[in-house]
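Now for the letters of each chain:
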Amino acid sequence: MNSKKICIVGASGKLGRYMIQQALDRGYEVVGVCRERSVSKLEAFKGRITVIPGATNDCQVIKKAVAGCDGVLTVLVPWGVHQYATGTAQAVLDYAQPGARLIFSCGWHISRDGQDVYPQSLKRDEKLARWLGRLTHLIDIDDQVEACRRVFVSDTRWTVVRGSDLEEGESQGLPVWSKHVGDPILESNITRRVDYALFMVAALENDSLIHEAPAIVGCRTPSALAHTSAAQ
Ligand SMILES: NC(=O)c1ccc[n+]([C@@H]2O[C@H](COP(=O)([O-])OP(=O)(O)OC[C@H]3O[C@@H](n4cnc5c(N)ncnc54)[C@H](OP(=O)(O)O)[C@@H]3O)[C@@H](O)[C@H]2O)c1
């Protein structure tokens, strides 16, 4: 069993709760951060994790939550127009203990080096999200972009896991990944959310992913099955 301590920032969401379960299964001690109003979503884990309620972009909340943690799993979401994702990423970068493994989640639309080739459907969705965001002030894609830019230039031990479209369902196993969207192995563009969580948690112990921004896809999808042996 593993006796390391980790923090999950954004623990009450769907991805966060899957990550909690998988981290507990692996023997980690878990600290979870979520908005005060969402603490009840973590009821199922009562007594098994430490919950720190608060905004994830609040430095004092993050400072307290990540103290003594060997790893931090951060769910970056583009909600709101107050640089929530950027503030969250910056707080984690600033306060995680030196040498901690930092794993961040985002979507395929984030590009580390501009070498990704996006399907038309994804370009359309992003355009729509930006338009809706400007209209409703509920979502700000550029906030997640800026959050990841700050992670990419940091000298911490980071990994940014870029998720494809997600679906619910039983685990199919660890997703496969590639450096760039547009690579044939990713073509199916679907991952089970539970397996996204699996990849995030497994990344804590996978040093070959340090300073990588893997774009992931489900390991049982047609494109993964067709191209996995070639990729390896
Ligand atoms: N959904 C997709 O199809 C998709 C595709 C690719 C990548 N991803 C990535 O996967 C990760 C998880 O996404 P998900 O869609 O599956 O969502 P999720 O796991 O349900 O998480 C949503 C998170 O956003 C928080 N949140 C919701 N509304 C908020 C608000 N107004 N202000 C601040 N925080 C708010 C939630 O906190 P509360 O519990 O407090 O509400 C929760 O922590 C994200 O990094 C996302 O970019 C998602």
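Look above for the structure.
Now for a quick tour of the structure. If you're wondering where the values come from, they're calculated on a predicted model, not measured in any experiment.

Details of the overall build of the protein chain
Here comes step 1: Each helix and strand counted, the protein chain has 7 helices and 10 strands in total.
Here comes step 2: A compact globule built from 232 residues would reach a C-alpha radius of gyration of about 17 Å, and the protein chain, at 17 Å, matches this within 12%.
Here comes step 3: Considered along the principal axes of its C-alpha atoms, the protein chain spans approximately 45 × 45 × 35 Å.
Here comes step 4: Long-range pairs, those at least 24 residues apart, make up 75% of the contacts in the protein chain with a sequence separation of at least 6.
Here comes step 5: Carbon and sulfur atoms form 52% of the exposed surface of the protein chain, whose accessible area is close to 11200 Å².

Details of the side chain of Ser-178
Here comes step 1: Positionally, Ser-178 belongs in strand S8 (residues 176–178).
Here comes step 2: When its relative accessible area of 13% is taken as the criterion, Ser-178 is described as buried.
Here comes step 3: Non-local contacts of Ser-178, meaning those with residues more than four positions away in its chain, are made with Asp-183, Ile-185, Leu-186, Ala-213, Pro-214 and Ala-215.

Details of the site of the ligand
Here comes step 1: Near the ligand you find 22 residues, and of these Ser-12, Ser-38, Lys-41, Ser-105 and Arg-193 are the closest.
Here comes step 2: At 2.8 Å from an oxygen atom of the ligand is found a side-chain nitrogen or oxygen belonging to Lys-41.
Here comes step 3: Side-chain polar atom of Ser-105 to an oxygen atom of the ligand: 2.6 Å apart, as the coordinates give it.
Here comes step 4: Here the ligand has 890 Å² of accessible area as a free molecule, and 75% of this is covered by the chains.
Here comes step 5: Within the residue set of the shell around the ligand, elements represented by two or more residues are helix H1 (14–25), strand S5 (101–107) and helix H6 (193–203).
Here comes step 6: Take the shell around the ligand: its biggest share by element is 3 residues, from S5.
Here comes step 7: Looking at the shell around the ligand residue by residue, the classes come out as 9 nonpolar, 9 polar and 4 charged.

A few points about helix H3 (residues 84–95)
Here comes step 1: The terminal C-alpha atoms of H3, which comprises 12 residues, lie 16 Å apart, in line with the 16 Å expected from a rise of 1.5 Å per residue.
Here comes step 2: For H3, the full list of buried residues reads Tyr-84, Ala-85, Thr-86, Thr-88, Ala-89, Ala-91, Val-92 and Leu-93.
Here comes step 3: Of the surrounding secondary structure, the elements contacted by the buried residues of H3 are strand S1 (5–9), helix H2 (59–66), strand S4 (71–75), S5 and helix H5 (141–152).

With respect to the pattern of salt bridges
Here comes step 1: For the coordinates displayed, the defined rule picks out 9 salt bridges.
Here comes step 2: The salt bridge partner of Arg-162 is Asp-116, with a shortest N-O separation of 3.1 Å. With a gap of 46 residues between them, Arg-162 in strand S6 (residues 157–163) and Asp-116 in the loop between S5 and helix H4 (120–136) connect regions that are remote in the sequence.
Here comes step 3: Arg-162 gets classed as buried once you look at its relative accessible area, which sits at 1%.
Here comes step 4: Of the charged contacts in the structure, one is a salt bridge between Arg-149 and Glu-146, with a shortest N-O distance of 2.9 Å. Note that Arg-149 and Glu-146 are positioned in helix H5 at a spacing of 3 residues, about one turn of the helix.

As for the packing of H3 against H5
Here comes step 1: Here H3 crosses H5 at 20°, and the two axes come no closer than 7 Å. Relative to H5, the element H3 is oriented roughly parallel. For the element pair H3 and H5, the recorded crossing hand is right-handed. Contacts from Tyr-84, Ala-85, Thr-86, Ala-89, Gln-90 and Leu-93 in H3 reach Asp-143, Gln-144, Glu-146, Ala-147, Arg-150 and Val-151 in H5.

Thoughts on the pairing of S6
Here comes step 1: Along S6, 6 of the 7 residues are buried, which leaves the element largely enclosed by surrounding structure.
Here comes step 2: Strand direction decides the pairing type here: S5 and S6, joined by 7 bridges, are parallel. Within S6, the residue paired with Phe-104 across the bridge is Val-160.

Quick look at H4
Here comes step 1: Look at H4: 24 Å from first C-alpha to last across 17 residues, which is about the 24 Å you get at 1.5 Å a residue.
Here comes step 2: Along H4, the residues that are buried comprise Leu-122, Glu-126, Ala-129 and Gly-133. One face of H4 carries all of its buried residues, which in axial projection span an arc of 60°. Relative to its buried face, H4 has exposed residues pointing more than 90 degrees away, namely Gln-120, Arg-124, Lys-127, Arg-134 and Leu-135.

Here's the deal with a nonpolar patch on the surface
Here comes step 1: Together, Leu-128, Trp-131, Leu-132 and Leu-135 make up an exposed nonpolar region whose accessible area comes to about 420 Å².
Here comes step 2: Relative to the helices and strands, Leu-132 is located in helix H4.

Calculation rules
Residues numbered from 1 in each chain as written. Predicted model: local features only at pLDDT ≥ 70, side-chain atom pairs only at ≥ 80, totals over all residues. Heavy atoms only, no water. Helix = DSSP H or I, 4+ residues; strand = E, 2+ residues; numbered from the N terminus. Rg over C-alpha atoms; globule rule 2.2 N^0.38 Å. Contact = heavy atoms within 4.5 Å. Areas by Shrake-Rupley, 256 points an atom, 1.4 Å probe, with all protein chains shown as cover. Buried < 20%, exposed > 50% of the residue type's maximum accessible area, 1.4 Å probe, protein only. Near = heavy atom within 4 Å. Polar contact = N/O pair within 3.5 Å; in protein donor to acceptor, adjacent residues only side chain to side chain. Nonpolar A, V, L, I, M, F, W, Y, C, P; charged D, E, K, R; others polar. Expected span 1.5 Å × (residues − 1). Salt bridge = Lys/Arg side-chain N within 4 Å of Asp/Glu carboxyl O. Axes fitted to C-alpha atoms, helices over the stretch in contact; angles between N-to-C directions. Parallel < 35°, antiparallel > 145°, perpendicular 65-115°, else oblique. Left-handed = near helix turned anticlockwise from the far one by under 90°. Pairing = 2+ DSSP bridges. Arc of directions from axis to C-beta. Patch = residues over 30% accessible without salt bridge, like charges linked within 9 Å, V, L, I, M, F, W, Y side chains within 5 Å.

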